[in-house]
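Next come the chains, spelled out residue by residue.
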Amino acid sequence: MMFPTCNLCSFPVLRLHGGDAGRRCLRCFSTFRHRAVGVVLGWLGLHRSAHVYELSSRGALCRYLQRTFARVTVSELFDGVAPGGVRSGVQCQDVQRLTYAGASFDVVTSTEVFEHVPDDGRAFAEVHRVLRPGGFLVFTVPLMDTTPTLERARIEGGAIVHLVEPEYHGDRLRGRGAVLAFRTYGPDILDRLRGAGFEARLERVDDPAHAIAAGTVVVGRKAT
């Protein structure tokens, strides 16, 4: 029996728990979302010399980028650290107010980040600013197929206002169930990207050889 392999590191992928989200690489521990982003980056035909900015500092996708591209910048959003500051050798950045100069990067990537950003319109505009002309934003978020984006919460007067039942996700820094989701996106996410100046599309990745089923990747391109 042939197991599917990870396109990020070539190791076998096994189902560690239920559903496609449970199909993890045995070496880099990639999810199908990481692997789908890797496939789409390959489709874009990027040169090794591309300068990539990844909105995290660890994990399977981050390690893949660092092996694949000559220049990779990483960051985290640390509690209690100002944007541009450093903790344990990793720079803190808030995607709503990046400290990088305009036209700094060829590609920006992330997995499951923008649903946690209070003002995603501002964040998309900031990414557009720091990309070079012709550059790409390539990312995943939880995405409903047909329903418009559901706004779950917003910030008013410095306080969080919940519009529906709160939903919390986990991350590597804060643990399980600790990060509020401000929205669940629908296909109108493309309109949000276009509003920030991007050309935008959804790429669907179905690749059984790499254990990717219905992996939807959002791609924005800054016009040349």
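You'll find the structure just up there.
What comes next concerns the included structure. (Residues numbered from 1 in each chain as written. Predicted model: local features only at pLDDT ≥ 70, side-chain atom pairs only at ≥ 80, totals over all residues. Heavy atoms only, no water.)

## With respect to the sheet that holds strand E3 (residues 51-54)
- In space, the six strands of this open sheet follow the order E4-E3-E7-E8-E16-E15, with mixed pairing throughout. The open sheet terminates on both sides in strands that have one partner only, identified here as strand E4 (71-74) and strand E15 (198-207). Strand-to-strand twist of the sheet, defined as the mean angle between neighbouring strand axes without regard to direction, takes the value 20 degrees.
- With four bridges joining them, strand E8 (residues 131-140) and strand E16 (residues 212-222) adopt antiparallel strand pairing. From the neighbouring strand, Leu137 faces E16, where its bridge partner is Gly220.
- Those strands touched by helix H1 (residues 32-43) are strand E7 (105-111), E8, E15 and E16, and its axis lies near 50 degrees from that of E16.
- Set on the sheet, helix H3 (residues 120-130) makes contact with E7, E8, E15 and E16; between it and E8 the angle comes to about 140 degrees. (Pairing = 2+ DSSP bridges. Helix = DSSP H or I, 4+ residues; strand = E, 2+ residues; numbered from the N terminus. Axes fitted to C-alpha atoms, helices over the stretch in contact; angles between N-to-C directions. Contact = heavy atoms within 4.5 Å.)

## Quick notes on the environment of Leu173
- Mapped onto the secondary structure, Leu173 falls in the loop between strand E12 (168-171) and strand E13 (175-180).
- Sequence-wise, Leu173 and Thr147 are 26 residues apart; in three dimensions their C-alpha atoms are separated by 31 Å.
- Once residues within four sequence positions are removed from consideration, Leu173 is found in contact with Arg58, Glu76, Leu77 and Phe78.

## Quick word on the nonpolar core
- In this structure, Cys6, Cys28, Leu41, Leu65, Val138, Val205 and Val217 are the most contacted members of the largest nonpolar core, which totals 27 residues.
- The set of elements that each furnish at least two residues to this core consists of H1, helix H2 (60-68), E8 and E16.
- A total of five residues in this core trace back to one element, the largest contributor, which is H1.
- Contact partners of Val138, with chain neighbours within four places excluded, come to Val37, Val40, Leu41, Leu44, Val107, Val108, Thr109, Ser110, Val217 and Val218.
- The next biggest cluster of nonpolar side chains, apart from the first, holds 25 residues, and it includes Leu98, Ala123, Val141 and Ile189. (Core = buried A, V, L, I, M, F, W, Y, C linked by side-chain atoms within 4.5 Å. Buried < 20%, exposed > 50% of the residue type's maximum accessible area, 1.4 Å probe, protein only.)

## With respect to the packing of aromatic side chains
- Applying the stated criterion across every chain, the model contains six aromatic pairs.
- Seen from their ring centres, Tyr53 and Phe105 are 5.1 Å apart, and the 25 degrees between their planes marks the pair as stacked. Taken together, the positions of Tyr53 in strand E3 and Phe105 in strand E7 put the pair 52 residues apart, joining distant regions of the chain.
- By relative accessible area, which is 1% here, Tyr53 ends up buried.
- Centroid distance Phe124 to Phe139: 6.0 Å. Interplanar angle 40 degrees. Geometry classified as tilted. Pair noted here: Phe124 is in helix H3 and Phe139 is in strand E8, with a separation of 15 residues, a long-range link. (Phe/Tyr/Trp six-rings, centres within 6.5 Å; stacked < 30°, edge-to-face > 60°.)

## Looking at the layout of surface pockets
- Taken as a whole, the second largest pocket holds about 200 Å³ of empty space.
- Lining the second largest pocket are Phe32, Arg33, Thr140, Val141, Pro142, Leu143, Asp145, Arg204, Ala214 and Thr216.
- When residues of the lining of the second largest pocket are traced back to their parent elements, those giving at least two are H1 and E16. (1 Å grid on protein atoms, 1.4 Å probe; cavity = no way out; pocket = protein on both sides within 12 Å on 5 of 7 lines; lining within 4 Å. Points joined across faces, edges and corners; volume = space filled by probe spheres on them.)

## A short note on the pairing of strand E10 (residues 153-156)
- In the sheet, E10 pairs with strand E11 (residues 159-162) via four bridges, with the strands oriented antiparallel. Opposite Ala153, over in E11, you have His162 as the bridge partner.
- The turn linking E10 back onto E11 is made up of two residues, and Gly157 within it adopts a positive phi angle of 60 degrees.

## Overview of unusual backbone geometry
- A positive phi angle is found at Phe29, which is not glycine, with a value near 65 degrees.
- Exposure remark for Phe29: the relative accessible area of 44% places this residue in the partly exposed category.
- Notably, Glu112 is not glycine yet its phi reads approximately 55 degrees, a positive angle.
- Relative to the elements of secondary structure, Glu112 occurs in the loop between E7 and H3.
- A relative accessible area of 22% places Glu112 in the partly exposed class.

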